[in-house]
Amino acid sequence: MSKNLKVFGCSWSYGMPDIGDRLVKWPLYDCWPLRFAKQNPQYTVYNFARGGTGIGFHIALLHQFLDSKLYTDKTKIVFQITDPYRYTYNVEERLA
């Protein structure tokens, strides 16, 4: 049985199109969650990170996930904190 890892954060976890090797086709960019998944096949990694987003967005998305059926007590979560001054103004719109 595979282990589950959920990742929340900004572009440092989502990846950037101009950084690193293109390991898979767009929209997945080279990023640490992708490399972790390739090196640890016992894990199923879900990357919920989004570039250009702030902590408020990450928290809202995390709460949406925690309230969903996808969350179990065996789920491992990585919450990568971004710059505290970054602000996502349309959190509700982006979560819809």
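Read on for a plain summary of the structure. (Residues numbered from 1 in each chain as written. Predicted model: local features only at pLDDT ≥ 70, side-chain atom pairs only at ≥ 80, totals over all residues. Heavy atoms only, no water.)

A word on the sheet that holds strand S3 (residues 76-79)
As summarised here, the arrangement of the three strands in space is S2-S1-S3, forming an open sheet in which the pairing is parallel. Either end of the sheet is taken by a strand with one partner, and the two such strands are strand S2 (43-47) and S3. Between one strand and the next, the sheet's axes are offset by a mean angle of 20°, whatever the strand orientation. Against the sheet, helix H2 (residues 32-39) makes contact with strand S1 (3-8), S2 and S3, and its axis sits at roughly 170° relative to S2, the strand it touches most. In the packing of helix H3 (residues 55-66) onto the sheet, contacts are made with S1 and S3, and the angle to S3 comes to roughly 170°. (Pairing = 2+ DSSP bridges. Helix = DSSP H or I, 4+ residues; strand = E, 2+ residues; numbered from the N terminus. Axes fitted to C-alpha atoms, helices over the stretch in contact; angles between N-to-C directions. Contact = heavy atoms within 4.5 Å.)

Let's talk about the layout of surface pockets
Approximately 210 Å³ is the volume found for the largest pocket. Forming the boundary of the largest pocket are 11 residues, of which Ser2, Lys3, Asn4, Thr72 and Lys74 lie nearest the centre. Ranked by the residues each element gives to the lining of the largest pocket, the list is headed by S1, at three residues. Here the lining of the largest pocket is composed, by residue class, of three nonpolar, four polar and four charged. (1 Å grid on protein atoms, 1.4 Å probe; cavity = no way out; pocket = protein on both sides within 12 Å on 5 of 7 lines; lining within 4 Å. Points joined across faces, edges and corners; volume = space filled by probe spheres on them. Nonpolar A, V, L, I, M, F, W, Y, C, P; charged D, E, K, R; others polar.)

Looking at the packing of aromatic side chains
Under the counting rule described, the total for this entry stands at five aromatic pairs. Ring geometry for Phe8 versus Phe48: centroids 5.1 Å apart, planes at 15°, classification stacked. One end of the pair, Phe8, is in strand S1; the other, Phe48, is in the loop between S2 and H3, and 40 residues separate them in sequence. What links up through ring pairs into an aromatic cluster is the set Phe8, Phe48, Phe65 and Tyr71. (Phe/Tyr/Trp six-rings, centres within 6.5 Å; stacked < 30°, edge-to-face > 60°.)

What to know about the environment of Asn4
Along the polypeptide, Asn4 turns up in strand S1. Between the alpha carbons of Asn4 and Thr44 there is a distance of 4.9 Å; along the sequence they are 40 residues apart. Excluding its chain neighbours within four sequence positions, the residues that come into contact with Asn4 are Tyr43, Thr44, Tyr46, Lys74, Thr75 and Lys76.

Focus: the nonpolar core
Core analysis: the largest hydrophobic core is formed by five residues, namely Phe8, Phe57, Leu61, Leu62 and Phe65. Considering each element in turn, this core owes the most residues, four residues, to H3. (Core = buried A, V, L, I, M, F, W, Y, C linked by side-chain atoms within 4.5 Å. Buried < 20%, exposed > 50% of the residue type's maximum accessible area, 1.4 Å probe, protein only.)

Comments concerning the pattern of salt bridges
With the rule as written, the count across this model stands at one salt bridge. Asp30 serves as the salt-bridge partner of Arg35, at 2.7 Å between the closest nitrogen and oxygen. The exposure class of Arg35 is partly exposed, given its relative accessible area of 39%. We classify Asp30 as buried; its relative accessible area is 10%. (Salt bridge = Lys/Arg side-chain N within 4 Å of Asp/Glu carboxyl O.)

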